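Analysis of the macromolecular model
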Amino acid sequence: MIHYTVQATFSFFSPNPERFKVLKEAYERGLRNFRMEQPHQHAVYYNNLLLSERAWEKDELLEALKVRESNGNANARRGQCDFYRT
């Protein structure tokens, strides 16, 4: 039942490219600002990074954003809602 509700909800979803751009820029700015944080915050972050099973470093996330930019918007909607299709 939930599967069909989620599928019906997301089948009409259309992302707003301008809103995506704003959110992506804010996320990237937050990743870049990490370098300016206090050293004890870096220590806590790296400690949590080492102790977690699955985690990506801030630099890896920034690199992924750069790769996404180089691919352009052609692949932006590819695979949209594939998770919910049967």
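Preceding block: the structure.
Conventions and cut-offs
Residues numbered from 1 in each chain as written. Predicted model: local features only at pLDDT ≥ 70, side-chain atom pairs only at ≥ 80, totals over all residues. Heavy atoms only, no water. Helix = DSSP H or I, 4+ residues; strand = E, 2+ residues; numbered from the N terminus. Expected span 1.5 Å × (residues − 1). Buried < 20%, exposed > 50% of the residue type's maximum accessible area, 1.4 Å probe, protein only. Arc of directions from axis to C-beta. Polar contact = N/O pair within 3.5 Å; in protein donor to acceptor, adjacent residues only side chain to side chain. Contact = heavy atoms within 4.5 Å. Salt bridge = Lys/Arg side-chain N within 4 Å of Asp/Glu carboxyl O.

Looking now at helix α2 (residues 17-33). Owing to its 3.6 residues per turn, the α-helix brings residues three or four apart onto one side. Helix length check: α2 (17 residues) gives 24 Å between terminal C-alpha atoms against 24 Å at 1.5 Å per residue, within 8%. Turning to α2, its buried residues number three or more, namely Lys-24, Glu-28 and Leu-31. Considered in projection along α2, the buried side chains sweep an arc of 55 degrees and stay on one side of the axis. Taking the backbone nitrogen of Glu-18 as reference, a side-chain oxygen 3.1 Å away marks Asn-16 as the first, capping residue of α2.

Once that is clear, we can look at the environment of Glu-28. Tracing the backbone shows Glu-28 in helix α2. Here the alpha-carbon distance between Glu-28 and Lys-66, two residues 38 residues apart in the chain, equals 9.8 Å. The residues contacting Glu-28, other than those within four sequence positions of it, are Leu-62, Leu-65 and Glu-69. Among the polar contacts made by the side chain of Glu-28, one reaches the side chain of Arg-32 at a distance of 2.8 Å.

Before going further, it helps to spend a moment on the side chain of His-42. Following the sequence through the fold, His-42 ends up in helix α3 (residues 39-51). Look at His-42 and you get buried, because its relative accessible area is 17%. A polar contact of 2.9 Å, which involves the side chain of His-42, links it to the backbone oxygen of Phe-34. Among residues more than four places away in sequence, those in contact with His-42 are Phe-34, Arg-35 and Glu-37.

Take the pattern of salt bridges next. Applying the stated rule across the entire model yields 2 salt bridges. Here Glu-28 and Arg-32 are joined by a salt bridge, their closest N and O atoms 2.8 Å apart. Taken as a pair, Glu-28 and Arg-32 lie in helix α2 at a separation of 4 residues, close to a single helical turn. Across the pair Arg-35 and Asp-59 runs a salt bridge whose closest N-O atoms are separated by 3.4 Å. Placement of Arg-35 in the loop between α2 and α3 and of Asp-59 in helix α4 (residues 58-71) is noted, with a sequence separation of 24 residues between them.

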